[in-house]
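The lines below spell out each chain.
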Amino acid sequence: MKLNKENIIKEITSIVNKTEIYDIHTHLYPEGFGELMLYGFDEMITYHYLIAETLRIIDIPYSDFFAMKKRDQADLIYKTLFIERSPLSESCRGVLTTLKMLGLNINSQNTQEYREFTSSFSAKEYTNLVLEKANIKKLVMTNDPFNNIERKIWKYKPDIDSRFKSALRLDFLINDFKSARHTMLRMGYNVTSTLTGLTKREIKRFLHDWIVKTNSLYMAISVPPDFTLLENSSRAIIIEECVLEVSYELNVPLALMIGVKRQTNPELDLAGDSCGKANIETIEYLCKKFNKNKFMVTMLSRENQHELTILARKYRNLFIFGCWWFLNNPSLIKEITTFRTELLGLSYMPQHSDARILDQLLYKWTHNKDIITKVLIKKYNKLLDVGWELTTEKIEEDVNRLFYKNFEDFLNLKL
Ligand code: RAT
Ligand code: ZN
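Notes on the structure follow. Bear in mind that the values here come from a model prediction, so they are computed numbers and not experimental data.

**Focus: the coordination of the zinc ion (ligand 2)**
Logical step 1: Surrounding the zinc ion (ligand 2) are the protein donor atoms His 25 (NE2), His 27 (NE2) and Asp 354 (OD), at 2.0 to 2.1 Å.
Logical step 2: The sequence pattern formed by the donor residues of the zinc ion (ligand 2) is H-x1-H-x326-D. Here the residue His 25 occupies a position in the loop between strand E1 (21-23) and helix H2 (41-45), and Asp 354 occupies one in the loop between helix H16 (330-344) and helix H17 (360-385), the gap between them amounting to 329 residues.

Right, dumping it as structure tokens:
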């Protein structure tokens, strides 16, 4: 169908809604991963984003809050953020969108009913319900070989829902080698405290084994704002001489998630991390020096976004993705997606969900798609203004690139 000023809004909205999603960074697990698979009302309400918002308001010591049972925490958060005041924040609105999409009455404020709804499904049925409603075809987990619970699960070769793909998360190895070494020793890798030739070979053997075991699509690390490789640290050596070698050999990109200040307030646990502006030169250095390697990059601070987008114009081994964590808010997604489109056209991935709780896929993608649709409508309208002919088929291809195909193309890219 040909698009014109009359039908463009309706058509693009419908195309974006119909487009299947490849959610390339989540913290979700399929059934079979036991306690790691999180879903349902209590999990959703005790999301660390909401914990941070609640603990700004309530007048009890942080430690007392964390000592409470999950259900009591959930009741307190719901009372504080949804009953005593209006739920205006993005994470609060997300809960409401999710409940609504599940067909529940958000104004009943009947938390018992919300809980019972989820427990009327098996984990498998609930997964199908959410993935189908959110239109997710595939999603990528965050698989941490240094997490004791997760390691045990991989030991017994779990039967994994084929929609769930793996990514090997290496924060511990990169940011705390001294402790990671002990876990690796217990796993049978002969790593010493100094990075000798043997130790580097053993780290590479470890990476190789785990990529194969988990069938990981990429390796990932999150790093602080002061992250640099222009130093003689164990982190720089492990990245350059181990991770990047294996990444190249197995054609498994390295995802860098840059700018997180871990545990700014340790009393807040998972909710205690913050962010800061990082140095773009480190990425430039990597893309240039390791020009046969592939890098996926997302940055946490708003201040880094423009220069990161410019850098992506210079290096095709750099794939930028998502509005990460504190950027996953409508006002910022709008701004970032607009200038990314202006500078890169369709060659990036606008968003990932970062969902930790299955149900969150519903709101994160609904909210994301809403903003991205508006940005696209504006941009396609500009093409109509100069007389460019647009068809539904063409826009379907474009949108599929943004939500799905660009990622697979990058994985398959040969440099
Ligand atoms: O968004 C989050 O839930 C954060 O806590 C982090 O998990 C972050 O996305 C990360 O992957 O480190
Ligand atoms: Zn994450």
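Once the structure has been displayed, the description carries forward.
**A look at the site of ligand 1**
Logical step 1: The environment of ligand 1 is made up of His 25, His 27, His 48, Tyr 49, Arg 169, Met 257, Arg 262, Trp 324, Trp 325, Asp 354 and Arg 356.
Logical step 2: Here an oxygen atom of ligand 1 sits 2.8 Å away from a polar atom, N or O, in the side chain of Tyr 49.
Logical step 3: A distance of 2.9 Å separates an oxygen atom of ligand 1 from a polar side-chain atom of Trp 324.
Logical step 4: Alone, ligand 1 offers 310 Å² of accessible surface; in the complex the protein occludes 98% of this.
Logical step 5: Taken together, the residues of the shell around ligand 1 sort by class into four nonpolar, three polar and four charged.

**Re the nonpolar core**
Logical step 1: In this structure, Leu 173, Ile 203, Leu 207, Ile 283, Leu 318, Leu 361 and Phe 407 are the most contacted members of the largest nonpolar core, which totals 142 residues.
Logical step 2: Per element, the largest residue contribution to this core is 10 residues, and it comes from H17.
Logical step 3: Look past the residues within four positions of Leu 173 in its chain and what remains in contact with it is Phe 146, Ala 180, Met 184, Ile 203, Phe 206, Leu 207 and Ile 238.

**Side note on a nonpolar patch on the surface**
Logical step 1: A grouping of Leu 383, Val 386 and Trp 388 is seen on the molecular surface, where their side chains present a nonpolar patch of about 350 Å² in accessible area.
Logical step 2: Residue Trp 388 is classed as exposed on the basis of its relative accessible area of 56%.

**Some details on helix H1 (residues 8-18)**
Logical step 1: Among the residues of H1, Ile 8, Glu 11, Ile 12, Ile 15 and Val 16 are the ones counted as buried. Buried residues of H1, viewed axially, fall in a sector of 125°; they line one side. Facing away from the buried surface of H1 by more than 90 degrees, the exposed residues are Ile 9, Lys 10 and Lys 18.
Logical step 2: Tucked into the core, H1 has its buried residues touching H17 and helix H18 (392-412).

**Some thoughts on the packing of aromatic side chains**
Logical step 1: The tally for this structure, following the rule as stated, stands at 20 aromatic pairs.
Logical step 2: An angle of 55° between the planes, with centres 5.6 Å apart, marks the rings of Phe 121 and Tyr 126 as tilted.
Logical step 3: A residue is classified by how much of its surface remains accessible, and Phe 121, at 24% relative accessible area, is partly exposed.
Logical step 4: Here the aromatic residues Tyr 22, Tyr 218, Tyr 404 and Phe 407 are joined through ring pairs into a cluster of three or more.
Logical step 5: Sitting over the ring of Trp 210, Lys 213 keeps its end group 5.1 Å from the ring centre.
Logical step 6: Its end group placed over the ring of Phe 403, Lys 369 keeps NZ or CZ at 5.7 Å from the ring centre.

**Digging into the packing of H17 against H18**
Logical step 1: Relative to each other, H17 and H18 sit at 135°, their axes nearing to 13 Å. Accordingly, the angle class assigned to the pair H17 and H18 is oblique. The way H17 lies across H18 gives a crossing that is right-handed. Touching Trp 365, Lys 369, Ile 372, Leu 376 and Tyr 380 of H17 are Ile 395, Asp 398, Val 399, Leu 402 and Phe 403, all from H18.

**Focus on the packing of helix H12 (residues 197-214) against helix H13 (residues 234-250)**
Logical step 1: Close contact between H12 and H13 brings their axes to 10 Å; oriented N to C, the two are set at 40°. With respect to H13, the element H12 is oriented oblique. As for how H12 packs across H13, the hand of that crossing is right-handed. On H13, the residues touching Lys 200, Ile 203, Lys 204, Leu 207, His 208 and Ile 211 of H12 are Ile 237, Ile 238, Glu 241, Cys 242, Val 243, Glu 245, Val 246 and Leu 250.

**Description of the pattern of salt bridges**
Logical step 1: With the rule as written, the count across this model stands at 27 salt bridges.
Logical step 2: With a closest N to O distance of 3.1 Å, Lys 79 and Glu 84 form a salt bridge.
Logical step 3: A relative accessible area of 41% means that Lys 79 is categorised as partly exposed.

**Quick look at the sheet that holds strand E2 (residues 136-140)**
Logical step 1: Strand order across the open sheet formed by seven strands is E1-E2-E3-E4-E5-E8-E9, with parallel pairing between neighbours. The two strands at the open ends of the sheet, each matched to only one other strand, are E1 and strand E9 (318-320). Here the average twist between neighbouring strands, direction ignored, is 25°.
Logical step 2: Alignment of E2 against strand E3 (residues 164-169), held across two bridges, turns out to be parallel. When the sheet's bridge partners are listed, Leu 139 is paired in E3 with Phe 164.
Logical step 3: Sitting on the sheet, helix H8 (residues 123-134) is in contact with E1, E2 and E3, with an inclination near 110° to E2.

Rules and cut-offs
- Residues numbered from 1 in each chain as written.
- Chains lettered and ligands numbered in written order.
- Predicted model: local features only at pLDDT ≥ 70, side-chain atom pairs only at ≥ 80, totals over all residues.
- Heavy atoms only, no water.
- Donors = N, O, S within 2.8 Å, 3.2 Å for Na, K, Ca; no water.
- Helix = DSSP H or I, 4+ residues; strand = E, 2+ residues; numbered from the N terminus.
- Near = heavy atom within 4 Å.
- Polar contact = N/O pair within 3.5 Å; in protein donor to acceptor, adjacent residues only side chain to side chain.
- Areas by Shrake-Rupley, 256 points an atom, 1.4 Å probe, with all protein chains shown as cover.
- Nonpolar A, V, L, I, M, F, W, Y, C, P; charged D, E, K, R; others polar.
- Core = buried A, V, L, I, M, F, W, Y, C linked by side-chain atoms within 4.5 Å.
- Buried < 20%, exposed > 50% of the residue type's maximum accessible area, 1.4 Å probe, protein only.
- Contact = heavy atoms within 4.5 Å.
- Patch = residues over 30% accessible without salt bridge, like charges linked within 9 Å, V, L, I, M, F, W, Y side chains within 5 Å.
- Salt bridge = Lys/Arg side-chain N within 4 Å of Asp/Glu carboxyl O.
- Arc of directions from axis to C-beta.
- Phe/Tyr/Trp six-rings, centres within 6.5 Å; stacked < 30°, edge-to-face > 60°.
- Lys NZ or Arg CZ within 6 Å of the ring centre and 35° of its normal.
- Axes fitted to C-alpha atoms, helices over the stretch in contact; angles between N-to-C directions.
- Parallel < 35°, antiparallel > 145°, perpendicular 65-115°, else oblique.
- Left-handed = near helix turned anticlockwise from the far one by under 90°.
- Pairing = 2+ DSSP bridges.

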